[in-house]
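So you can see what is in the structure, the chains are spelled out below.
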Amino acid sequence: MSVIVYTESENGKFKKNAHEVASYATKVAQQMGTTATAVSINCSENETLGDYGISKVLNVQDDSLKPFNAKAFADVLASAISSENATVLIVSSSSDAKYMAPLLAAKLKAGYVPNVVTAPESTSPFQVKRTAFSNKGFAHTEITTEIKIIGVSNNAFGTIENKTDITVEDFSVDVDSNFKTKSTNIDKVVGKATIADADIVVSAGRGLKGPENWGMIEELADVLGAATACSKPVSDLGWRPHGEHVGQTGKPVASNLYIAIGISGAIQHLAGVSASKTKVVINNDPEAPFFKAADYGIVGDAFEVVPELIEKLKEFKAQNS
Amino acid sequence: MKVLVCISNVPDTTSKINFTDGDTKFDTNGVQFVINPNDEFGLTRAMWLKEKQGATVHVATVGEANVEPTMRKALAIGADEAIRINAVPTDGFFVAQQLAEVVKKGGYDLVIGGRESIDYNGGMVPGILASLLDMNFVNTCIKLEIDGETITAVREIDGGKETLSTSLPLVVGGQKGLVEESDLRIPNMRGIMMARKKALNVVEPIEGIHATDDKKFDKPAPKGDIKLADNVDELVTLLHNEAKVI
Ligand SMILES: Cc1cc2nc3c(=O)[nH]c(=O)nc-3n(C[C@H](O)[C@H](O)[C@H](O)COP(=O)(O)OP(=O)(O)OC[C@H]3O[C@@H](n4cnc5c(N)ncnc54)[C@H](O)[C@@H]3O)c2cc1C
Ligand SMILES: Nc1ncnc2c1ncn2[C@@H]1O[C@H](COP(=O)(O)O)[C@@H](O)[C@H]1O
């Protein structure tokens, strides 16, 4: 009756969210008086999960599972769930997890609740708290099926250290590698934080006037180790790639720090970024709605404030490193 | 090719969100409902398949009679026929089962839904539907090219995109990128007149599983006042000492 958690990895290393979902699974296992087992696919650092309370890892090493394939990964997890007699599966909010979880839900006749922000409010009945209405509200949702799938929101629960003895068991599943939906190319920025997992996101809007002015935004992001993002019109105008569009109809942002530069703060923009912990706004119009939604701000011209901020942060980093 | 576009009827993106009946229900009072934005991109993509590749395009919604204006709008944009499954869309699993029945009966080759509904943000109906019918599935789809038997789809991944090769029958969870914002169609007078004559068929639901149940809702605590910094030095200090984010 254990709790299973899918800990995602990339090139053999755990993704940032793996330790958060592991911590979450440990918490749920404690609530249910059981233990948490991780399923890890093609990862070479499984022991580190013991730092977050995981007592067992089902270690899958299989070249046919490179790269990620939603259906095949769902098959592996379904098989782990049945072999462990698990009733709860924890996954992250990554694009891969959101691709795979519905397939598993159907396969296992399980209720799936994504965007969960706290540990279960109760485990019998099984009730979780999740965001709904694009962060404008919360729902307290009961999962009524025997098997339950929880998608944990990024950065909502955090990682909790909890040293535990861990055993790593090899686990193999017969994968029919003749996939009907097959990856033919992956085009991904390497060595740069992504909106999905960055601690800090630097975002700019139409106030920047044109794509030629993004140099300072990228530099600011660089200094902070942040991902870059933009408002919807900026990507619609082709100033920035679509993948950077954040908001209700773009990517959701749940970072620790979100810096909005020359963005007015329209309701659709705010809906998608309000899950961020600290929001900072830089705008030359004191009446911009974003000032009502942010924690800190400066009223000023981005073309003056941002270069100065870059300088100050560089000084600050030099002093504090 | 027979295409089904699944349409979720959602509050307009500018809607204020409130709850009623002891915070157990979404308050629809004064709320304008629209085609879910993610589905709107899919519907336009389907129109291109109709115009360029001769596809037949139907739309389906699980909902009560009050969703019909949204369905008429989809017909005015150009869908050939609409199907309403007469049930309250309580949870994603239930909705997917209802749509699966429609897909099976209608013999659709391609089903286009959205990445998520902007109301309950389930992000699960297309995936569950695909799995129930053993159809191929591409989520967060931002490009879809169909060339006879070969389908090339691009999906958004964290930090980039992935190209996939797949085949019909296929279910897609779509979003902006399937078509661009500027390609979206607004119903014109002719479309609206024609929509009145098109079939809007109502079917009764099949028995399904209810997997989740929203017991109660609430809203985020109101935000405290913003702290305005007079200069960049002060901002950096606040972010370091007080917010502890740098
Ligand atoms: C269905 C629908 C869905 C939508 N979804 C999204 C979404 O997901 N994400 C999203 O972002 N938007 C979305 N929108 C669009 C949204 O309504 C706004 O139009 C958009 O967010 C505005 O972008 P912006 O703030 O960059 O531009 P603007 O509203 O034009 O604001 C520019 C801001 O820059 C400031 N500025 C100008 N010059 C300077 C300067 N020199 N220094 C500092 N500040 C300056 C101005 O004061 C202003 O506040 C959606 C709209 C609809 C209808
Ligand atoms: N009640 C519904 N009727 C028809 N399609 C729906 C309904 N709810 C969701 N969908 C489809 O499933 C997608 C994802 O919705 P959801 O899983 O609710 O976030 C939507 O974009 C629609 O395409």
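Source: prediction; values computed, not measured.

Asks: Tell me about the sheet that holds strand β10 (residues 150-157) of chain B, and please be specific about residues and values.
Replies: With mixed pairing, the 10 strands of this open sheet are ordered in space as β13(A)-β11(B)-β10(B)-β9(B)-β12(B)-β8(B)-β1(B)-β6(B)-β7(B)-β13(B). Looking at strand neighbours, the two that pair on one side only are β13 (182-188) of chain A together with β13 (200-203) of chain B, the edges of this open sheet. Strand-to-strand twist across the sheet, computed as the mean angle between neighbouring axes with direction ignored, equals 30°. Relative to strand β7 (residues 81-85) of chain B, strand β6 (residues 56-62) of chain B runs parallel, the two being bridged by five bridges.

Asks: I'd like a rundown of the environment of Ser122 of chain A, residues and numbers included.
Replies: Residue and element names in this part refer to chain A. By the element assignment, Ser122 lies in strand β8 (residues 122-123). Through-space distance from the C-alpha of Ser122 to that of Leu108 is 22 Å; in sequence the pair is 14 residues apart. Within the local environment of Ser122, its side chain forms a polar contact with the backbone oxygen of Pro125, the two atoms lying 2.3 Å apart.

Asks: I'd like a rundown of the site of ligand 2, residues and numbers included.
Replies: All names here are of chain B. The full set close to ligand 2 counts 21 residues, and Cys6, Asp39, Ser117, Gly123 and Met124 are the nearest of them. A distance of 3.3 Å separates a nitrogen atom of ligand 2 from a polar backbone atom of Ile7. Here an oxygen atom of ligand 2 and a backbone polar atom of Gly122 are 3.1 Å apart. Computed on the free molecule, ligand 2 has an accessible area of 470 Å², of which 94% lies beneath the protein chains in the complex. Of all elements in the fold, only β6, α3 (92-106), β8 (110-114) and α4 (125-133) reach the threshold of two or more residues within the shell around ligand 2. Per-element accounting of the shell around ligand 2 gives the leading share, three residues, to β6. Classifying every residue of the shell around ligand 2 gives 10 nonpolar, nine polar and two charged.

Asks: An account of the UniProt feature "domain: Electron transfer flavoprotein alpha/beta-subunit N-terminal" (unreviewed entry) in chain A is needed here, citing residue identities and associated values.
Replies: In the numbering used here, UniProt assigns the "domain: Electron transfer flavoprotein alpha/beta-subunit N-terminal" (unreviewed entry) feature to residues 3-193 of chain A. Secondary structure content for residues 3-193 of chain A is 24% helix and 32% strand, while the C-alpha to C-alpha distance between its ends is 30 Å.

Asks: If you had to explain the sheet that holds strand β17 (residues 278-283) of chain A to someone new, which residues and values would you point to?
Replies: Pairing within the open sheet is parallel, and its six strands lie in the order β15(A)-β14(A)-β16(A)-β17(A)-β18(A)-β15(B). Looking at which strands have only one partner, the edges of the open sheet turn out to be β15 (227-230) of chain A together with β15 (227-228) of chain B. Along the sheet, helix α4 (residues 215-224) of chain A makes contact with β14 (200-204), β15 and β16 (257-261) of chain A, crossing β14 of chain A at roughly 170°. Of the strands in this sheet, β16, β17 and β18 (296-299) of chain A together with β15 of chain B touch helix α6 (residues 232-242) of chain B, which is tilted by about 175° from β18 of chain A.

Asks: Could you give an account of the packing of helix α3 (residues 95-108) of chain A against α4 of chain B, naming the residues involved and the relevant values?
Replies: Between α3 of chain A and α4 of chain B, the shortest axis-to-axis distance is 7 Å and the interhelical angle comes to 45°. Classified by the interaxial angle, the pair formed by α3 of chain A and α4 of chain B is oblique. When the axes of α3 of chain A and α4 of chain B are compared, the crossing they make is right-handed. Seen from α3 of chain A, the contacting residues are Pro102, Leu103, Ala105, Ala106 and Lys107 of chain A; seen from α4 of chain B, they are Gly127, Ile128, Ser131 and Leu132 of chain B. Here the contact of α3 of chain A with α4 of chain B is composed, by residue class, of six nonpolar, two polar and one charged.

Asks: Got a sec to walk through the pairing of strand β1 (residues 2-6) of chain B? Specific residues and values, please.
Replies: Residues and elements named next belong to chain B. For β1, the tally of buried residues reaches four of five residues, placing the bulk of the element in the interior. Inspection of the sheet shows β1 paired to β6 by five bridges, in the parallel sense. Its bridge partner lying in β6, Lys2 is registered against Thr56. In this structure, β1 lies alongside β8, joined through three bridges in parallel fashion. Bridge assignment links Val5 to a residue of β8, and that residue is Ile112.

Asks: Can you lay out the side chain of Ser9 of chain A for me, pointing to particular residues and giving the numbers?
Replies: All names here are of chain A. Looking at the secondary structure, you find Ser9 in strand β2 (residues 9-10). Taking relative accessible area as the criterion, Ser9 reaches 18% and is therefore assigned buried. Within the structure, the side chain of Ser9 is placed 3.1 Å from the backbone oxygen of Ile41, a separation counted as a polar contact. If sequence neighbours within four positions are ignored, Ser9 has contacts with Phe14, Lys15, Ile41, Asn42 and Cys43.

Asks: Hey, could you go over unusual backbone geometry for me, with residue numbers and the actual values?
Replies: All names here are of chain A. Look at the link from Lys66 to Pro67: it is a cis peptide, with omega at -10°. Within the secondary structure, Pro67 is located in the loop between β5 (56-60) and α2 (70-84). Omega for the peptide link from Ser124 to Pro125 comes to -5°, which places this bond in the cis form. By the element assignment, Pro125 lies in the loop between β8 and β9 (126-132).

Asks: I'd like to hear about α4 of chain B, residue by residue, with values.
Replies: Along α4 of chain B, the residues that are buried comprise Val125, Pro126, Gly127, Ile128, Leu129 and Ala130 of chain B. Buried-residue contacts for α4 of chain B involve α3 of chain A together with β1, α3, β8, β9 (136-147) and β12 (170-174) of chain B. Looking one or two residues past α4 of chain B, Asp134 of chain B carries a phi angle of roughly 55°, positive in sign.

Asks: Give a detailed account of the site of ligand 1, specifying residues and quantitative values.
Replies: Around ligand 1 sit 28 residues in total, of which Arg206, Ser231, Ser264, Gln268 and His269 of chain A are the nearest. More than a single chain frames ligand 1: its nearby residues are located in chains A and B. In the model, an oxygen atom of ligand 1 is placed 2.6 Å from a nitrogen or oxygen of the Ser231 of chain A side chain. Interatomic distance of 3.1 Å between a backbone N/O atom of Gly262 of chain A and an oxygen atom of ligand 1. Isolated, ligand 1 exposes 990 Å² of accessible area, and the fraction of that covered by the protein chains is 78%. Breaking the shell around ligand 1 down by element, the ones donating at least two residues are α5 (232-236), α6 (267-273) and α8 (302-320) of chain A.

Criteria and cut-off values
Residues numbered from 1 in each chain as written. Chains lettered and ligands numbered in written order. Predicted model: local features only at pLDDT ≥ 70, side-chain atom pairs only at ≥ 80, totals over all residues. Heavy atoms only, no water. Pairing = 2+ DSSP bridges. Helix = DSSP H or I, 4+ residues; strand = E, 2+ residues; numbered from the N terminus. Axes fitted to C-alpha atoms, helices over the stretch in contact; angles between N-to-C directions. Polar contact = N/O pair within 3.5 Å; in protein donor to acceptor, adjacent residues only side chain to side chain. Near = heavy atom within 4 Å. Areas by Shrake-Rupley, 256 points an atom, 1.4 Å probe, with all protein chains shown as cover. Nonpolar A, V, L, I, M, F, W, Y, C, P; charged D, E, K, R; others polar. UniProt positions renumbered as here; feature names shortened; annotations may be inferred. Contact = heavy atoms within 4.5 Å. Parallel < 35°, antiparallel > 145°, perpendicular 65-115°, else oblique. Left-handed = near helix turned anticlockwise from the far one by under 90°. Buried < 20%, exposed > 50% of the residue type's maximum accessible area, 1.4 Å probe, protein only.

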